[in-house]
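# Geometric and topological summary
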Amino acid sequence: KRQKLFNWEAGKMEEIFNARTFGEGMHDILGSSDQILQIVLLPQQSFFTNRNAVLYMSSNISLNNCKRKDSPMKALLQNNGSSVGYAGLKSCDGRIITVSPIVQNGIIANEKNILGHSENIKLVKNKKGWKIETNVGNNSSSQSSQKDVPAIELLYLQSDTQVIEKELGKGETIQINATLIAQSESVKEEKIRNGFLSLTGPGTIYIHARAGQPPEKKIYFLMILSFFILVANIYLSRLLLPGDEDA
């Protein structure tokens, strides 16, 4: 049963303030396949995302550009008011995945699939993507008056299609003909024949539910092909034009 986030009857506001978490009660995922993330921000609470992912927000929420070495996100949603605010986020048409650094330690995410994260999440870039860490217990970035209540820090990913989530046991190997959204740091990967990728556990993997190359690579290839065809046509048309004759 879906929880209604914005039902501010008597007692509901106090319940939300006491939660001070991005866990249950502080976010809602709307839709079944083409999903939207709806978050609640307490006074002085922040959320990192990208500007083009913001669909809507309440009037007490500000959206500003930001730059952090420990996050690929380029925008900051912040509640500067004295009442609860909200925002709706979506980066593409697909499923939203919630990742908790405490439960899923050492997850590495593909940058293009990161929708946003709460304020005390720290991301470290490596060769595979962005490794998710957390500054739980260090609330220096939060000005919330509810500091005595521990926060559950979360990161949100979004795929442009459905997602297959699989837990690999120790030594278990799977071969995939698809792209990864995220994976545990403990998962070992190796490119093998025919474009397949071999993944060996232990760890969790999130796979695009689409075989072969992602659509952006195919589109890029078609754009280059179209450009060369256009240039060739122009060159041939000039060769076939009759030469200018003196009057």
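The shown structure was predicted, so the numbers you read here are calculated from the model rather than taken from an experiment.

### Things to note about the sheet that holds strand β15 (residues 173–176)
What the three strands build is an open sheet, ordered β15-β18-β17; its pairing is antiparallel. If you trace the sheet from one side to the other, it starts and ends with β15 and β17 (188–191), each paired once. Taking the axes of each pair of neighbouring strands and ignoring which way they run, one obtains an average angle of 20° across the sheet. By the bridge criterion, four bridges tie β17 to strand β18 (residues 197–200) in an arrangement that is antiparallel.

### A word on the nonpolar core
Counting residues in hydrophobic clusters, the biggest one holds 19 residues, and the most contacted among them are I97, I114, L123, I132, L155, L157 and Y206. Elements with a contribution of two residues or more to this core: β8 (96–99), β9 (107–109), β11 (121–125), β12 (130–134), β13 (155–158) and β16 (180–184). One finds L41, A53, V54 and L115 within the second-largest nonpolar core, a separate group that totals 17 residues.

### A closer look at the environment of I107
Inspection of the secondary structure assignment puts I107 in strand β9. According to the relative accessible area criterion, I107 is buried, its value standing at 0%. C-alpha separation for the pair I107 and I205, spaced 98 residues apart in sequence, amounts to 8.9 Å. Beyond its immediate stretch of four places on either side in the chain, I107 contacts V99, W130, K131, I132, A182, Q183, S184 and Y206.

### Overview of the sheet that holds strand β1 (residues 27–30)
In spatial order, the strands read β1-β2-β7-β4; together these four strands make up an open sheet with antiparallel pairing. Strands with a single pairing partner mark the edges of an open sheet, and in this sheet they are β1 and β4 (54–57). Going from strand to strand, the sheet's axes swing by 20° on average, the running direction of each strand aside. Bridging between β1 and strand β2 (residues 36–41) involves four bridges; their strand directions are antiparallel. The partner of D28 across the bridge, within β2, is Q38.

### Details of the side chain of K90
Counting through the fold element by element, K90 comes out in the loop between β7 (85–89) and β8. Reaching out from K90, the side chain makes a polar contact with the side chain of D34 at a distance of 2.9 Å. Those residues in contact with K90 that sit more than four places away from it in its chain are D34, Q35, I36, N52, A53, L55, L115 and Q158.

### So, a nonpolar patch on the surface
Judged by side-chain polarity, I224, F227, F228 and V231 come together as a nonpolar surface patch covering roughly 380 Å² of accessible area. Assignment of secondary structure puts I224 in helix α2 (residues 215–240).

### Overview of the pattern of salt bridges
Taken as a whole and assessed by the stated rule, the structure comprises six salt bridges. Residues K90 and D34 are paired through a salt bridge, measuring 2.9 Å at the closest nitrogen-oxygen approach. Here K90 is found in the loop between β7 and β8, whereas its partner D34 is found in the loop between β1 and β2, with 56 residues between them in sequence. We classify D34 as partly exposed; its relative accessible area is 39%. Residue D93 pairs with K90 through a salt bridge whose shortest N-O separation is 2.9 Å. On the basis of relative accessibility, which here comes to 49%, the residue D93 falls in the partly exposed class. What you see here is one network of salt bridges that share partners, running through D34, K90 and D93.

Cut-offs applied
Residues numbered from 1 in each chain as written. Predicted model: local features only at pLDDT ≥ 70, side-chain atom pairs only at ≥ 80, totals over all residues. Heavy atoms only, no water. Pairing = 2+ DSSP bridges. Helix = DSSP H or I, 4+ residues; strand = E, 2+ residues; numbered from the N terminus. Axes fitted to C-alpha atoms, helices over the stretch in contact; angles between N-to-C directions. Core = buried A, V, L, I, M, F, W, Y, C linked by side-chain atoms within 4.5 Å. Buried < 20%, exposed > 50% of the residue type's maximum accessible area, 1.4 Å probe, protein only. Contact = heavy atoms within 4.5 Å. Polar contact = N/O pair within 3.5 Å; in protein donor to acceptor, adjacent residues only side chain to side chain. Patch = residues over 30% accessible without salt bridge, like charges linked within 9 Å, V, L, I, M, F, W, Y side chains within 5 Å. Areas by Shrake-Rupley, 256 points an atom, 1.4 Å probe, with all protein chains shown as cover. Salt bridge = Lys/Arg side-chain N within 4 Å of Asp/Glu carboxyl O.

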